[in-house]
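Read off the chains here:
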Amino acid sequence: MTAANGVWRNWSRLERVKPVRVERPPTIAAVQRAVTAAARAGLRVKAVGAGHSFTGIAVATGVLLELDELSGIVSVDRERMRVTLLAGTRLHEAARLLRPHGLAMENLGDIDVQTIAGAISTGTHGTGSRFGGIATQVVGVTLVTADGELRRIDEDHEPELLPAVALSLGALGVIVEVTLQCVPAFVLTALECPAPLDETLDDLEGIVERSDHFEFYWFTDTTTAVTKTNERRPGGERTRPLSAMRRFVDDSLMANGVYRVTCAASSMVPGIVPSVNRLADRLWTNREYSDLSHRVFATRRTVRFREMEYAVPAERTADVVRAIDELTRSRGWHVSFPIEVRFAAADDLWLSTASGRPSGYVAVHRYHREDHRPYFEAVEDIMREHRGRPHWGKLHTQDAASLADLYPRHADFVALRDRMDPDRLFTNAYLERVLGG
Ligand SMILES: Cc1cc2nc3c(=O)[nH]c(=O)nc-3n(C[C@H](O)[C@H](O)[C@H](O)COP(=O)(O)OP(=O)(O)OC[C@H]3O[C@@H](n4cnc5c(N)ncnc54)[C@H](O)[C@@H]3O)c2cc1C
């Protein structure tokens, strides 16, 4: 969000910039005018979403476009269950808008404050071995390109480009509309319970296969995986939501409030982390409930942290977690934030972290007042050994050369960028690092 003094900061507070100017175009035509004017003035231009990327991917030094006013539904195709949204629509708003049409997004990540354009542009994903990330739900995109023109890409218009444009790091133009393939609204049952880490890792592929959406958290210094299993049920099924009080106590007080205090204390006195982690381990109790899908997928995160997440071939996920366990033990590192493990199906998007391979996602976090670098660098070495691909919106140190080796279509994407943005109107330092100058 841009503050009154014109400085934009991302959620993690790792990136800040004072752009030459900030514009909030209220219409698609205004976006076109903003792009054309920036090009004429020799300024770079970049749309930002909710600023929830940890990397500098959204940093705009020239003209920063905030698309909050470009929000809402453009059209609904009830028969094909397709909905076109304006690019600045937040994911929680999308869920609310889809409901009267009996529709829902097929899968979501942990939070829902991101914009639809921002979420698809970095490959935001949830969990579930039969489901892809949010960009796999995209069946059409309308962009304002470097010449200020509108370009529609869908099954009837340059369909061969859809797998590139649906997840394009903000490098090809300003997205103004996104068409999603939705599904009938559905209910999710949620079972959250602790399980022995070793047993979970020993049977990981089986557990993941047997559930619709499985993930787990694990704190260093403990031997427990805090598992979360969501199963899909028909939309009409009766729900048993958590009471407002239980949700408040669990999510606001326990998961965020107590956490804030313990993280702050641990950052000042690192020696208490093992006891705090073991205490957190014992405090987990089983939770079972059901609700409309978006209310189960998304939670609130109010404690600020830094994150690195890599996608590795799914069958290597358990090895990666074990290697992180060994690493933290051997270095004597006690980390107050958990490791999070999720899954996704293979897809065919050129720059998707799950492109061409079923993937396991392993994320490491650190409280924002702690130095994340030694831990993240050591974990990143493990990820590299397993040919991991970094989440585009989360911290990593890979560059265009190393990424070209990990993505079979990286060179094709770079060539498309050369054609669509030859003068690099939409570039920034992060894109230069991961795609080249
Ligand atoms: C607390 C927290 C929880 C998270 N949970 C998850 C999770 O569960 N799963 C996951 O995969 N990720 C997760 N993330 C990462 C997050 O989903 C991504 O970084 C996402 O891109 C953020 O969306 P945004 O709207 O904030 O986009 P921004 O960070 O503002 O922008 C991201 C990119 O999108 C581009 N962009 C935005 N709008 C447009 C547009 N209209 N046209 C062209 N390009 C555009 C920007 O230029 C930039 O390149 C989380 C992040 C945080 C801070």
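Here we summarise the structure given alongside this text.

What counts, and at which threshold
- Residues numbered from 1 in each chain as written.
- Predicted model: local features only at pLDDT ≥ 70, side-chain atom pairs only at ≥ 80, totals over all residues.
- Heavy atoms only, no water.
- Helix = DSSP H or I, 4+ residues; strand = E, 2+ residues; numbered from the N terminus.
- Buried < 20%, exposed > 50% of the residue type's maximum accessible area, 1.4 Å probe, protein only.
- Contact = heavy atoms within 4.5 Å.
- Near = heavy atom within 4 Å.
- Polar contact = N/O pair within 3.5 Å; in protein donor to acceptor, adjacent residues only side chain to side chain.
- Areas by Shrake-Rupley, 256 points an atom, 1.4 Å probe, with all protein chains shown as cover.
- Expected span 1.5 Å × (residues − 1).
- Arc of directions from axis to C-beta.
- Phe/Tyr/Trp six-rings, centres within 6.5 Å; stacked < 30°, edge-to-face > 60°.
- Lys NZ or Arg CZ within 6 Å of the ring centre and 35° of its normal.

**So, the environment of R316**
Now for step 1: Relative to the elements of secondary structure, R316 occurs in the loop between β17 (305-313) and α10 (317-331).
Now for step 2: The exposure class assigned to R316 is partly exposed, which follows from its relative accessible area of 29%.
Now for step 3: When the C-alpha atoms of R316 and W8 are compared, they prove to be 38 Å apart, with 308 residues separating the residues in sequence.
Now for step 4: Once you skip the residues sitting within four places of it in the chain, R316 turns out to touch E385, H386 and R387.

**Describing the site of the ligand**
Now for step 1: In the vicinity of the ligand lie 37 residues, with A47, G49, H52, S53 and T122 positioned nearest.
Now for step 2: Within the backbone of A50, one N or O atom sits 2.9 Å away from an oxygen atom of the ligand.
Now for step 3: At a separation of 2.8 Å, an oxygen atom of the ligand approaches a polar side-chain atom of T124.
Now for step 4: Contact with the protein chains hides 99% of the accessible area of the ligand, taken as 970 Å² for the molecule alone.
Now for step 5: Put simply, the parts of the chain that give the shell around the ligand at least two residues each are β4 (45-48), α3 (116-121) and β11 (174-181).
Now for step 6: The dominant element in the shell around the ligand, judged by the number of residues it contributes, is α3, at 4 residues.

**Notes on helix α1 (residues 28-40)**
Now for step 1: Spanning 13 residues, α1 covers 19 Å between terminal C-alpha atoms, matching the ideal 18 Å at 1.5 Å per step.
Now for step 2: Residues of α1 that are buried: I28, A30, V31, A34, V35 and A38. Along the axis of α1, the buried positions cluster into a sector of 155 degrees, meaning they face one direction only. Facing away from the buried side of α1 by more than 90 degrees, the exposed set consists of R33 and R40.

**Concerning the side chain of H410**
Now for step 1: In this structure, H410 sits in helix α13 (residues 410-420).
Now for step 2: In terms of polar contacts, H410 uses its side chain to reach the backbone carbonyl oxygen of V434, at 3.0 Å.
Now for step 3: Ignoring any residue separated from it by four or fewer positions in sequence, one finds H410 in contact with L351, A400, L403, A404, V434 and L435.

**A closer look at the packing of aromatic side chains**
Now for step 1: Applying the stated criterion to the full structure yields 9 aromatic pairs.
Now for step 2: On the numbers, 5.1 Å between centres and 70 degrees between planes, the contact of W11 with F305 is edge-to-face. Taken together, the residues span a long stretch of sequence, with W11 in the loop between β1 (8-9) and β2 (16-17) and F305 in strand β17 at a distance of 294 residues. In this structure, W11 and F305 share a single accessibility class: buried.
Now for step 3: Taken together, a centroid distance of 6.3 Å and an interplanar angle of 70 degrees make the contact between F186 and F297 edge-to-face. With a gap of 111 residues between them, F186 in strand β13 (residues 186-196) and F297 in helix α9 (residues 293-297) connect regions that are remote in the sequence. The same class applies to F186 as to F297, namely buried.
Now for step 4: An aromatic cluster is present here, built from W11, F54, F305 and F337 joined pairwise through their rings.
Now for step 5: When the ring centre of W11 is taken as reference, the NZ or CZ atom of R304 above it lies at 5.3 Å.
Now for step 6: Taking NZ or CZ as reference, R389 lies 4.7 Å from the ring centre of Y407, over its face.

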